[in-house]
Amino acid sequence: MSGPASSHSWFCFSLSLAPGLVRERLQGVLLPAVPEGELAEALDVELVYDVRAPDWDGRVARLVAAPGQRLAGRLRAVPPPFWPQVRALEEQLAQATHAHPVHVRTASGALVTAQAFTPPAPASPDRGPVSQDFLGALARAAAYARLPPPYVTRLQAEAQLVQTVQRAQTERPR
């Protein structure tokens, strides 16, 4: 990863991958000036959708330990003056208030430790619907960031599946 040694390593895997989406979602918020970064994958983690987010009308994703799993994203070098802006951006987008250290493999094969932002684990599991808007936004952000096509396709399929299942649940007779 390029950048000064004093930079913070940020593994970006969620909505902040797409500046247009951020501007649309958080009108008037200034985006931190950080480089695009390089394609990478966080090791031994995955996403679970169990955090209630009223702004998203459903549950959003958080990062959890998952041995053997990988999560696509971008590794970005964030200059120290912009780190507080990155933290605030992640919190505003999806309640991602916790910096979670992750082991990351870059596209060039380097192994590094970085911080990924995630919502905290809920005190009790939410049984409400997964946010269809969040899933769709996550798929659009991954496509914008040029994450691997199979990953983008999987996110798009998950968004479509959740939409179909949740629509069927609301339409079935009681």
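A few points on the structure. This structure is a prediction, so every number in the text was calculated from the model and none was measured.

What follows covers helix 2 (residues 83–94). Given a rise of 1.5 Å per residue, twelve residues ought to cover 16 Å, and the 17 Å separating the end C-alpha atoms of helix 2 matches this to within 8%. Listed in full, the buried residues belonging to helix 2 are W83, V86, L89, E90, L93 and A94. Buried residues of helix 2, viewed axially, fall in a sector of 120°; they line one side. Where helix 2 is buried, its residues contact strand 1 (8–12), helix 1 (19–25), strand 3 (58–78), strand 5 (111–118) and helix 3 (132–144). Downstream of helix 2 by a residue or two, Q95 has a phi angle that is positive, lying close to 60°.

We now examine helix 3. Counted at 1.5 Å a residue, the expected span for helix 3 with its 13 residues is 18 Å, and the 18 Å between its end C-alpha atoms agrees. When helix 3 is considered as a whole, its buried residues turn out to be F134, L135, G136, A137, L138, A139, A141 and A142. Buried residues along helix 3 sit in contact with helix 1, strand 2 (38–53), strand 3, helix 2 and helix 4 (149–171). Count one or two residues on from helix 3 and you reach R146, which has phi positive near 60°.

Before going further, it helps to examine the packing of helix 3 against helix 4. Packing of helix 3 against helix 4 leaves a shortest axis separation of 9 Å and a crossing angle of 165°. For the element pair helix 3 / helix 4, the angle class is roughly antiparallel. For the crossing formed where helix 3 meets helix 4, the hand is left-handed. On the side of helix 3, the interface is formed by Q132, L135, G136, L138, A139, A142 and A143, while helix 4 contributes Y151, V152, L155, Q156, E158, A159, V162, Q163 and Q166. When the residues that make up the contact of helix 3 with helix 4 are grouped by side-chain class, the tally is ten nonpolar, five polar and one charged.

Definitions and limits used
- Residues numbered from 1 in each chain as written.
- Predicted model: local features only at pLDDT ≥ 70, side-chain atom pairs only at ≥ 80, totals over all residues.
- Heavy atoms only, no water.
- Helix = DSSP H or I, 4+ residues; strand = E, 2+ residues; numbered from the N terminus.
- Expected span 1.5 Å × (residues − 1).
- Buried < 20%, exposed > 50% of the residue type's maximum accessible area, 1.4 Å probe, protein only.
- Arc of directions from axis to C-beta.
- Contact = heavy atoms within 4.5 Å.
- Axes fitted to C-alpha atoms, helices over the stretch in contact; angles between N-to-C directions.
- Parallel < 35°, antiparallel > 145°, perpendicular 65-115°, else oblique.
- Left-handed = near helix turned anticlockwise from the far one by under 90°.
- Nonpolar A, V, L, I, M, F, W, Y, C, P; charged D, E, K, R; others polar.

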